[in-house]
Structures are given as C-alpha cells and as structure tokens.
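What follows is each chain in one-letter form.
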Amino acid sequence: MNSGFVSRVIATRAGRVALVAIAWLLTREVSMRANGFDDGPVLCPWRLITGYPCPGCGGIRAMSAICTGQFEQAWLLNPIAFLACFVVIVWAFRITPLIKFAGKASALFRSQSFSLQVVILSLVYALAWIAAVARFNSGIL
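Residues numbered from 1 in each chain as written. Predicted model: local features only at pLDDT ≥ 70, side-chain atom pairs only at ≥ 80, totals over all residues. Heavy atoms only, no water.

### Observations regarding the overall build of the chain
Phase 1: Across its full length, the chain holds 8 helices and 0 strands.
Phase 2: Along its sequence from the N terminus, the chain presents helices and strands in the succession α-α-α-α-α-α-α-α.
Phase 3: For the chain, with 141 residues in total, the buried portion stands at 21%.
Phase 4: Excluding contacts between residues fewer than 6 apart, the proportion of contacts in the chain whose partners are at least 24 apart in sequence is 55%. (Helix = DSSP H or I, 4+ residues; strand = E, 2+ residues; numbered from the N terminus. Buried < 20%, exposed > 50% of the residue type's maximum accessible area, 1.4 Å probe, protein only. Contact = heavy atoms within 4.5 Å.)

Here it is, written out as structure tokens:
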C-alpha cells in the first residue's frame, strides 16, 4: 500500500468514514475475542518504569469498550478515549462548525506567549495525570 493510495482514500469523506468503520469493526472483533484486553502485558513505558500510569493508560482498553458498547467501563478505564472518538468522528465526517471552532481555539492558543502555552499544557497534563493515578489507586487499571 503506497502513500498515494492512502492520500486518495482520506481525501474523501466516504473514504475517511469507511476507514473509521473498518477500524471500529476490527477493534470490536479483536476486543470480543480477547476479553476486552483485560489480561495482557503492560506496554506503557512510563508505567513500566515508575509503576504509575500515564494519562493515556487504559486508553486502548477504553476504545475497545466503546467499540463494544460498554460506555461505563470505557469511562472508568480512561475518559480521554471519548475525546479521541469525538475527534476521529469530526475528522471522518468533516463536521464544519466543529472544525471551524477548533481552528479558532487553536489560533487563540497559538497567539498566546510560549510560556503561557507551556503553563496551560502542563496544567492540563497534570490534571490528566492526577486523574490517571486516581483511577490506578482505585483499582480500575
């Protein structure tokens, strides 16, 4: 598969939607056959080194739970997975008002000083990490 083919597929709405549908079906099928990825090795380098999860830990299992309709389980595993699904859906369908809003928000963020950008991103990351550790300490991960 060459990059020209991939570029042509994702250039159309139908191609993006088909790509997302195939990914959803494959994730759903693998999840159902693998018991939702409940019993597998820890792959997160941060968690392997420190023993604590990163904000993304549980994300793959949460995505598989979403694909099988287990939304409460997905929320407990990693709420960020819902944001990822939302972004993928907006990308696939090219939902214009949301893309324009994201563009304006991005332009506003980029117009801020670099130090303010670092502080904002650090705070968001810290909050996500605190939430991940709270999930981990509660025995969810």
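Okay, back to it.
### Focus: a nonpolar patch on the surface
Phase 1: The grouping of Phe5, Val6, Ile10, Leu19, Val88 and Trp91 at the surface amounts to a nonpolar patch, some 450 Å² of accessible area in total.
Phase 2: For the nonpolar patch, the elements supplying multiple residues, two or more each, are α1 (3-10) and α6 (80-93).
Phase 3: In terms of residue count, the dominant contributor to the nonpolar patch is α1 (3 residues).
Phase 4: You can see Leu19 is positioned in helix α2 (residues 13-33).
Phase 5: Assessed through its relative accessible area of 41%, Leu19 is described here as partly exposed. (Patch = residues over 30% accessible without salt bridge, like charges linked within 9 Å, V, L, I, M, F, W, Y side chains within 5 Å. Areas by Shrake-Rupley, 256 points an atom, 1.4 Å probe, with all protein chains shown as cover. Salt bridge = Lys/Arg side-chain N within 4 Å of Asp/Glu carboxyl O.)

### Examining the nonpolar core
Phase 1: Within the largest apolar cluster, 7 residues are counted, these being Ala62, Ala65, Ile66, Ala74, Leu77, Ala81 and Cys85.
Phase 2: Considering every element that reaches this core, the biggest residue donor is helix α4 (residues 59-67), with 3 residues.
Phase 3: Leave out the neighbours within four places in its chain, and Ala65 touches Gln70, Gln73 and Ala74. (Core = buried A, V, L, I, M, F, W, Y, C linked by side-chain atoms within 4.5 Å.)

### Remarks on the packing of α2 against α4
Phase 1: At a minimum axis separation of 8 Å, α2 and α4 run at an interaxial angle of 100°. In this view, α2 runs roughly perpendicular relative to α4, as classed from their interaxial angle. Here Trp24, Thr27, Arg28 and Ser31 of α2 lie close against α4, whose contacting residues are Met63, Ser64 and Cys67.
Phase 2: Among the residues making up the contact of α2 with α4, the classes are represented as 3 nonpolar, 3 polar and 1 charged. (Axes fitted to C-alpha atoms, helices over the stretch in contact; angles between N-to-C directions. Parallel < 35°, antiparallel > 145°, perpendicular 65-115°, else oblique. Nonpolar A, V, L, I, M, F, W, Y, C, P; charged D, E, K, R; others polar.)

The analysis is restricted to geometry; functional conclusions fall outside its scope.
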